[in-house]
Every structure is written in structure tokens, then in C-alpha cells.
Amino acid sequence: MSFFRADGIDDDIHSKHRLTIMFYLSTVAKVDFVKLKDEVGIPAGNLSQNLKRLAEAGYVKIEKAIVADKPNTTISMTSVGHEAFEIYRANMRRILDGLPSKRS
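Residues numbered from 1 in each chain as written. Predicted model: local features only at pLDDT ≥ 70, side-chain atom pairs only at ≥ 80, totals over all residues. Heavy atoms only, no water.

K.L.:
Is there a simple way to explain the overall build of the protein chain in this structure?
P.N.:
Helix and strand counts for the protein chain stand at four helices and three strands. Helices and strands appear in the protein chain in the N-to-C order α-β-α-α-β-β-α. Here the C-alpha radius of gyration of the protein chain, 16 Å, is well above what a compact globule of 104 residues would show, namely 13 Å. Principal-axis analysis of the C-alpha atoms places the extent of the protein chain at approximately 65 × 25 × 20 Å. Across the 104 residues that make up the protein chain, the buried fraction comes to 30%. Considering only intrachain contacts with a sequence separation of at least 6, the fraction spanning at least 24 residues in the protein chain is 59%. Summing over all exposed atoms, the protein chain offers an accessible surface of approximately 6900 Å²; the carbon and sulfur share of this is 53%. One way to put it: in the protein chain the 16 positive side-chain charges average out to a point 5 Å from where the 13 negative ones average out. (Helix = DSSP H or I, 4+ residues; strand = E, 2+ residues; numbered from the N terminus. Rg over C-alpha atoms; globule rule 2.2 N^0.38 Å. Buried < 20%, exposed > 50% of the residue type's maximum accessible area, 1.4 Å probe, protein only. Contact = heavy atoms within 4.5 Å. Areas by Shrake-Rupley, 256 points an atom, 1.4 Å probe, with all protein chains shown as cover. Lys, Arg positive; Asp, Glu negative; His and termini not counted. Charge placed at Lys NZ, Arg CZ, Asp CG, Glu CD.)

K.L.:
Help me out: how do you make sense of the packing of aromatic side chains in this one?
P.N.:
Two descriptors summarise a pair of aromatic rings, namely the distance from one centre to the other and the angle between the planes of the rings. Going through the model one piece at a time under the given rule, you end up with one aromatic pair. Seen in terms of ring centroids, Phe23 and Phe85 are 5.9 Å apart; in terms of plane orientation they differ by 80°. Their pairing is edge-to-face. Here Phe23, found in helix α1 (residues 16–25), pairs with Phe85, found in helix α4 (residues 79–98); they are 62 residues apart in sequence, far enough to count as distant. (Phe/Tyr/Trp six-rings, centres within 6.5 Å; stacked < 30°, edge-to-face > 60°.)

K.L.:
In this structure, what is going on with the sheet that holds strand β2 (residues 60–67)? I would like to understand it.
P.N.:
Sheet strands pair by backbone hydrogen bonding; their relative direction is either parallel or antiparallel. Taken in spatial order, the three strands make up an open sheet running β1-β3-β2, and their pairing is antiparallel. A strand with exactly one partner marks an edge of an open sheet, and here the two such strands are β1 (31–32) and β2. α1 contacts β1, β2 and β3 (70–77) of the sheet and is inclined by roughly 85° relative to β3. Relative to the sheet, helix α3 (residues 44–56) contacts β2 and β3, its axis offset from that of β2 by approximately 120°. (Pairing = 2+ DSSP bridges. Axes fitted to C-alpha atoms, helices over the stretch in contact; angles between N-to-C directions.)

As C-alpha cells, this is what we get:
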């Protein structure tokens, strides 16, 4: 396989916003929606849409509850998400490490 091909790069992860979300979620057990929004700097509507796609892929779990009479949404990465993220990282390393040096 040519290292110029992006075979194995997961389209559910490989977007600026979804990748940023996965980066952050890989470092925490669980986070509430507002904190995630603040940490990753993604507007609420965009964050919701990208979380929905990651949830549909099985990579994140979204839990909604009422806490102190207020709605609260928490997000965590699933074991499937952790595995997919590690595969994504390995494939990106393979591609980037395989690139030849730039020639003059």
C-alpha cells in the first residue's frame, strides 16, 4: 500500500471538530456538555451535531439527566471509541512517518 493513501483513516473521527472532541475525551472519564464546549471551543450547535455523529458511530456515550432541577448532559468516550481513536492515531503515525523528506 502506498503511504500517500489515507486508507484506514476513520471519517467519523477525521474532521477538525470531531478530532478535537476525541482528543479531549481521551483525557477524561466523563465531562459535562458546557465544560466540553468551553474546553474545545466549539459552538454548542456544532458540538451537538458532531457529538451526534460520534454517538451514532458508537464512539461516545451521551447521558441526559436532571441535576438540581436543571438539565445536565454528560459525555464519555466508549471502549469502542477508545479503540477507534488508538487505531486512528496509529494510522496517522504510519502515514506521517512514511512520508519522504521534502526534496529541493
